[in-house]
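Architecture at a glance
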Amino acid sequence: MKAAVRLDDITPDMDWDSFSAFEELCGRYGIRPLLGVVPENRDPKLSAGESRADFWEKIQSLQKKGWCVAMHGCYHQYRTKSGGLFPLNGQSEFAGLSEEEQRALLRRGKEILASHGLSPEIFMAPGHTFDRATLKALRELGFRWVTDGYGRRPYVREGLTFLPISFLRSRLFSGKGYTTLVLHLNGADKAELEGYERLFSAHAGEFVTWQEYMAAKARKRSFAGCAAEYAMAAGKRLAGKLKRLLRKKR
């Protein structure tokens, strides 16, 4: 299995110490991640420090180095309790809203990014949650890819190409095909960063660029495939709930 790296929750006021350390690590191992940029962050949980004045220039410079940019929602505000078509979480910025509301949010996100010289064609949903109205609006607004879903290769659904994420990090490189290592760097400590370095070193030849991942042949996802994906996401969400309950009881 080959893996691409995606970084969620990229905002002007994120944890820049962790990000800078990870950026240096990527430079050493030739890793060029996907940046999930929040157009206008309104989620206080993502704020980890002072806002960086040259944020947009920094994102553009990384893009010139071969890093890719995805639009990570619009405001990163969860507005519904819907898990949508990929229920890894029980809340969403988009799923459950009307088609008109979703289209307006997505259009606004695109406009904000465009005002800073960015025009990504990849979408990254906050919480991984979206529904058919989300996908329709994305397609109409010119997006081509969605970084989400489960599988061993890119697949086509609702006129968009999905680039699957890893189901279990422990099995990231098992089998053949492509997958995505999803990372959140806010609050990443020295031990966590050292773990990433060990992973990059041990699997140096198995990480790929997003350009290669997007160029891989995609197949149309069947109804059975969509149903299996839904069950896997719902099952993982339930397993996470059970783990949290057991921790509280200890």
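Everything numeric here is computed off the predicted structure, so don't read it as measured data. (Residues numbered from 1 in each chain as written. Predicted model: local features only at pLDDT ≥ 70, side-chain atom pairs only at ≥ 80, totals over all residues. Heavy atoms only, no water.)

1. Quick look at the environment of Arg108
- Within the fold, Arg108 resides in helix H3 (residues 99-115).
- For Arg108 and Arg244, which are 136 residues apart along the polypeptide, the C-alpha to C-alpha distance reads 36 Å. (Helix = DSSP H or I, 4+ residues; strand = E, 2+ residues; numbered from the N terminus.)

2. A few points about empty space enclosed by the protein
- For the coordinates displayed, the defined rule picks out 1 cavity of 30 Å³ or more.
- For the largest cavity, the calculated volume is near 70 Å³.
- Forming the walls of the largest cavity are Leu7, Asp8, Asp9, Ile10, Met14, Asp15, Phe19, His184, Leu185 and Asn186.
- Considering each element in turn, the lining of the largest cavity owes the most residues, 4 residues, to strand E1 (residues 2-10). (1 Å grid on protein atoms, 1.4 Å probe; cavity = no way out; pocket = protein on both sides within 12 Å on 5 of 7 lines; lining within 4 Å. Points joined across faces, edges and corners; volume = space filled by probe spheres on them.)

3. Focus on the packing of aromatic side chains
- The tally for this structure, following the rule as stated, stands at 18 aromatic pairs.
- On the numbers, 5.4 Å between centres and 45 degrees between planes, the contact of Trp210 with Tyr213 is tilted. In this pair, Trp210 and Tyr213 both sit in helix H6 (residues 210-215), 3 residues apart, roughly one turn of the helix.
- Taken together, the ring pairs in this structure connect Phe22, Tyr29, Phe173, Tyr196, Phe200 and Phe207 into an aromatic cluster.
- Taking NZ or CZ as reference, Arg42 lies 3.7 Å from the ring centre of Tyr75, over its face.
- Lying over the aromatic face of Phe143, Lys110 brings its terminal NZ or CZ to 5.4 Å of the ring centre. (Phe/Tyr/Trp six-rings, centres within 6.5 Å; stacked < 30°, edge-to-face > 60°. Lys NZ or Arg CZ within 6 Å of the ring centre and 35° of its normal.)

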